Amino acid sequence: MTSLSYAAPTSVDAAVKLLAGASGLAKVLSGGTDLLIQMRAGRFKPELIVDTKKIPGVIGIREENGAFVVGGGTPGAVVEAHAGMTKAWPGVVEALDLIGSTQVQGRCSLAGNLCNASPAADSVPALYAAGAIAVVVGSNGRREVPVESIPTGPGRTSLAKDEFILEFKFPARPARSSDAYLRFIPRTEMDIAVVGCGISVTLDANGVCTAARCSLGAVAPTVLLVKEMADVLIGHKLDADTLAKLDAAAQAAAKPISDKRGTAEYRKKISGVLARRVAQIAFDRASGKATGKTH
Amino acid sequence: MSKTHVTATINGEAAEFLCETQQTMLDVLRDVVGLTGSKEGCASGDCGACSILVDGTLVCSCLMLGVEAEGTSITTIEGIAQGDHLHPIQQKFLEHAALQCGFCTPGLIVATKALLDENPNPTETEARYWLAGNLCRCTGYDKVIRAVMDAAAVMRGETV
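Scoring rules and cut-offs
Residues numbered from 1 in each chain as written. Chains lettered and ligands numbered in written order. Predicted model: local features only at pLDDT ≥ 70, side-chain atom pairs only at ≥ 80, totals over all residues. Helix = DSSP H or I, 4+ residues; strand = E, 2+ residues; numbered from the N terminus. Rg over C-alpha atoms; globule rule 2.2 N^0.38 Å. Buried ≥ 20, exposed ≤ 12 C-beta atoms within 10 Å, placed from the backbone. Contact = placed C-beta atoms within 7 Å. Domains from an automatic or database assignment. Nonpolar A, V, L, I, M, F, W, Y, C, P; charged D, E, K, R; others polar. Pairing = 2+ DSSP bridges. Right-handed = clockwise from strand over helix to strand, strands pointing away.

A. Layout of the overall build of chain A. For chain A, the count of helices and strands is eleven helices and 14 strands. Radius of gyration (C-alpha) of chain A: 19 Å, near the 19 Å computed for a compact globule of 295 residues. The principal-axis extent of the C-alpha atoms belonging to chain A is close to 60 × 45 × 35 Å. Among the 295 residues that make up chain A, the fraction classed as buried is 51%. Restricting to contacts in chain A with at least 6 residues of sequence separation, those with at least 24 account for 64%.

B. Local environment of the domain arrangement of chain A. For chain A, the assigned domains read domain 1 (5-51), domain 2 (61-170) and domain 3 (177-286). Relative placement of domain 1 of chain A and domain 3 of chain A: their C-alpha centres are 35 Å apart.

C. Examining the interface of chain A and chain B more closely. With 22 residues of chain A in contact, the opposing surface of chain B contributes 24 residues. Within the residue set of the side of chain A that touches chain B, elements represented by two or more residues are strand 1 (5-7), helix 2 (35-40), strand 3 (48-51) and helix 6 (102-105) of chain A. The residue inventory of the side of chain A that touches chain B, partitioned by class, reads nine nonpolar, nine polar and four charged.

D. Seen up close, the pairing of strand 3 of chain A. Residues and elements named next belong to chain A. Of the pairings in the sheet, the one linking strand 1 to strand 3 comprises three bridges and is parallel in character. From the neighbouring strand, Ala-7 faces strand 3, where its bridge partner is Val-50. For strand 2 (residues 26-29) and strand 3, the ladder comprises four bridges, and the chain directions are parallel. Note on strand 3: the bridge partner recorded for Ala-26 is Leu-48. For the crossover from strand 2 across helix 2 to strand 3, the handedness is right-handed.

Right, dumping it as structure tokens:
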């Protein structure tokens, strides 16, 4: 058996060199809540683990003129405790708050959740809806890409061998903007989404939607950014007609499989129901009618 | 590959150990350091029996590598009692008989400590959600919650 090495570099350059120079499989470690389980199950047999958490910027949150920069390896619990993120991006925060248990949230990270590339990941639809930008570092330097360009299939990403996500940028929000995320599970905690839905909106003073991003999780090989759902919302108030069209757009976009968590038909139906509920919460938050947690 | 030398603080005392990369913190605690209070229930982060505090944050020690402990301060169930005196959480678990087989108890007590450190006055709902990642196969959850709520009151200085 080949032995497994561990490195905890303290700079991006050192981490990239280690990843680029590995002869066998090298895995990036953030919180490890997926990686350690997959290693134990034998899904990966890496020769090197590169722990990114000692690299400046990987852990922590900073505000830059209304925008937030969240380190890729920042534990979910740290984001949940951040007043600025909770106010500006309640949907992202409530999505992180649904991942695993309190214990898991002490370790799990946005970069890990995105790069694990599960279609049912809870924080990923919220990241897509938020329009978050991933700051990717590698041998060729630094590039900033939309989060939806990272997952390419279950467990697969567009990142090169020597690349990892340093941090995420959440843009400054116009007035009357907010977001929401809900997932459906048959109980209240500790389960994996049957369907997840994230919606971020900006409203004008009359409550008419001027910008929207909508996403669905667990209904395709990757999380989906659904432009057709956003198009239904933009230019409209959230009345019964808009909700019905949103429901139909979500059901049309969902391309689920049947598995132990639900049949394809059930998932399509739930996609529409969740989209209605999430839109209502996002609109209520954006118009100042609702604050606080939904679960 | 030689083993990695790790320096950490465990239950308030300086500790050093050697471990292989693939050993989890739970493996290290149980097999290297000799602290067997933390239990392995699922080894996949679902059951919470291996709960520890790392720099005050509640984590599953089965989801952390031993090598990641370098420079951290770790609290295990063995570090909860205050000398020969049971911690109020432990005392209330005893008084309420909040355990049957006891396998989940170390994790529940460590998780409760983390809850009450952060929120000394939780609602029952908050306590139940916080402890959702601590599974009790004997399903003695109601007694656990009563013990947690009572312990919280004692720690706030209230008479119960």
